[in-house]
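Descriptive analysis of the structure
Now for the letters of each chain:
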Amino acid sequence: MRTALVAGNWKMNGSTDFINELMNDLTANINASNVDVLVCPPAVYLSQVKTLTGSTVSLGAQTVSEQANGAFTGEISLTMLQDLGCEYVILGHSERRSLYAETDALVADKFIATVASGLKPILCVGETLEEREQGKTIEVVGRQLKAVVDAAGIDKFADAVIAYEPVWAIGTGKTATPAQAQDVHAEIRAIIAEYDTAAAAATRIVYGGSVNASNAAELFANEDVDGGLVGGASLKANDFIAICHAAGA
Ligand code: PEP
């Protein structure tokens, strides 16, 4: 039995006042003992959010350096994230891949470092619209996933979460249909099963891409969809609360 997970990716949004209000609303309305709920604020607000998470919301980061420490201006280490109370790190988000040139190999390095630190990676994979239209969805998602499994080893996936995020659905208002999401999630699980059937059954695979209060329930109802990675709707308290409730919180 996989515990559902709903993660809010705030991206580069928020302010001290906004976060105080949002976190107060979330913690007052989410009883997440049976669902893992986490928020991933910009790194500069991690400390503030940690003081507001209460017992029902966990803390995640949006990215991390693969390096341990040293002369890497602007970067943030896993040790720092742990120091601030983070439990999860999003890795390989499509915006990191496309805007900041993160390659499969770099994502794999970050994954390996994250697992070694004890934090839980949320590994994002997903195809562009062009790749989907060319029938390459599984090829692309499989390549992104296998690059990490082959480098890290399937035994490193015990606490890992995979986020299937079709690039064409992120921030566009175009959501994958429940059937499209289920199809790719099942394929991802089948790829993991090529390495280890127990890992395939245990690994949480969440969907991301314009999840909102109206479509969350039908997406999460699918057998292989174990929750969501939510961008825009995670900045609206009522919407994020409704999404968490749709996951069973
Ligand atoms: C995301 O950034 O991971 C995401 C899924 O964004 P949105 O929900 O806004 O599409």
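Whatever comes next refers back to the structure up there.
Below is a summary of the structure that appears in this document. The model shown is predicted, which means the values in this text are computed figures rather than measured ones. (Residues numbered from 1 in each chain as written. Predicted model: local features only at pLDDT ≥ 70, side-chain atom pairs only at ≥ 80, totals over all residues. Heavy atoms only, no water.)

1. Some details on the layout of surface pockets
- In this model, the largest pocket occupies a volume close to 680 Å³.
- What lines the largest pocket is a set of 25 residues, and nearest its centre among them are M12, Q62, T63, R96 and Y100.
- Here the lining of the largest pocket gets three residues from one element, more than from any other, and that element is helix α4 (residues 94–99).
- Partitioning the lining of the largest pocket into residue classes produces 13 nonpolar, six polar and six charged. (1 Å grid on protein atoms, 1.4 Å probe; cavity = no way out; pocket = protein on both sides within 12 Å on 5 of 7 lines; lining within 4 Å. Points joined across faces, edges and corners; volume = space filled by probe spheres on them. Helix = DSSP H or I, 4+ residues; strand = E, 2+ residues; numbered from the N terminus. Nonpolar A, V, L, I, M, F, W, Y, C, P; charged D, E, K, R; others polar.)

2. Notes on the site of the ligand
- Inspection of the region around the ligand gives 14 residues, with K11, E165, G171, S210 and G231 positioned closest.
- Separating an oxygen atom of the ligand from a side-chain N or O atom of E165 is a distance of 2.7 Å.
- Here an oxygen atom of the ligand and a backbone polar atom of S210 are 2.8 Å apart.
- Across the complex, the protein chains shield 96% of the 290 Å² of accessible surface that the ligand would expose by itself.
- A class-by-class count of the residues in the shell around the ligand yields four nonpolar, eight polar and two charged. (Near = heavy atom within 4 Å. Polar contact = N/O pair within 3.5 Å; in protein donor to acceptor, adjacent residues only side chain to side chain. Areas by Shrake-Rupley, 256 points an atom, 1.4 Å probe, with all protein chains shown as cover.)

3. Side note on unusual backbone geometry
- Residue K11 is not a glycine yet carries a positive backbone phi of 50°.
- Turning to its location among the elements, K11 is positioned in the loop between β1 (5–9) and α1 (16–29).

4. Remarks on the sheet that holds β1
- Strand order in the closed barrel made by the eight strands is β1-β2-β3-β4-β5-β6-β7-β8, with parallel pairing throughout. This sheet shows a mean twist of 25° between the axes of neighbouring strands, independent of strand direction.
- Of the pairings in the sheet, the one linking strand β4 (residues 88–91) to strand β5 (residues 120–125) comprises four bridges and is parallel in character. Residue pairing in the sheet places L91 in a bridge with L123 of β5. (Pairing = 2+ DSSP bridges. Axes fitted to C-alpha atoms, helices over the stretch in contact; angles between N-to-C directions.)

5. Some points on helix α5 (residues 104–117)
- Over its 14 residues, α5 extends 20 Å from the first C-alpha to the last, a length consistent with the 20 Å expected when each residue adds 1.5 Å.
- Within α5 the residues assigned to the buried category are D104, V107, A108, K110, F111, A113, T114 and S117.
- Buried-residue contacts for α5 involve α3 (78–83), β4, α4, β5 and α7 (137–152).
- Of the residues flanking the end of α5, it is G118, one or two places downstream, whose phi is positive at about 100°. (Expected span 1.5 Å × (residues − 1). Buried < 20%, exposed > 50% of the residue type's maximum accessible area, 1.4 Å probe, protein only. Contact = heavy atoms within 4.5 Å.)

6. Here's the deal with the nonpolar core
- The biggest cluster of nonpolar side chains holds 66 residues, and the ones touching the most others in it are F157 and I188.
- One finds L38, I90, V161 and A163 within the second-largest nonpolar core, a separate group that totals 12 residues. (Core = buried A, V, L, I, M, F, W, Y, C linked by side-chain atoms within 4.5 Å.)

7. Looking at the environment of A160
- Inspection of the secondary structure assignment puts A160 in the loop between α7 and β6 (161–164).
- Given a relative accessible area of 5%, A160 falls into the buried group.
- Distance from A160 to M23, taken between C-alpha atoms, is 25 Å for residues 137 residues apart in sequence.
- Once residues within four sequence positions are removed from consideration, A160 is found in contact with F111, P121, T203 and R204.

8. Some remarks on the pairing of β4
- Neither face of β4 is left uncovered, since the one carrying Y88 and I90 and the one carrying V89 and L91 both have all their residues buried.
- In this structure, strand β3 (residues 57–61) lies alongside β4, joined through two bridges in parallel fashion. If you follow G60 over to β4, its bridge partner there is Y88.
- With α3 bridging β3 and the parallel β4, this β-α-β connection has right-handed handedness. (Right-handed = clockwise from strand over helix to strand, strands pointing away.)

9. A few points about the side chain of S58
- Inspection of the secondary structure assignment puts S58 in strand β3.
- At 3.3 Å, the side chain of S58 forms a polar contact with the side chain of E87.
- Look past the residues within four positions of S58 in its chain and what remains in contact with it is V37, L38, V39, E87 and Y88.

10. Structural notes on α1
- Here α1 spans 20 Å end to end across 14 residues, near enough to the 20 Å set by a 1.5 Å rise per residue.
- Where α1 is concerned, the buried positions are I19, L22, M23 and L26. Summarising the axial view, the buried residues of α1 lie within an arc of 100°, below the 170-degree limit, and thus occupy one face. Facing away from the buried side of α1 by more than 90 degrees, the exposed set consists of D17, E21 and A28. (Arc of directions from axis to C-beta.)

Coordinates in, geometry out; function isn't part of it.
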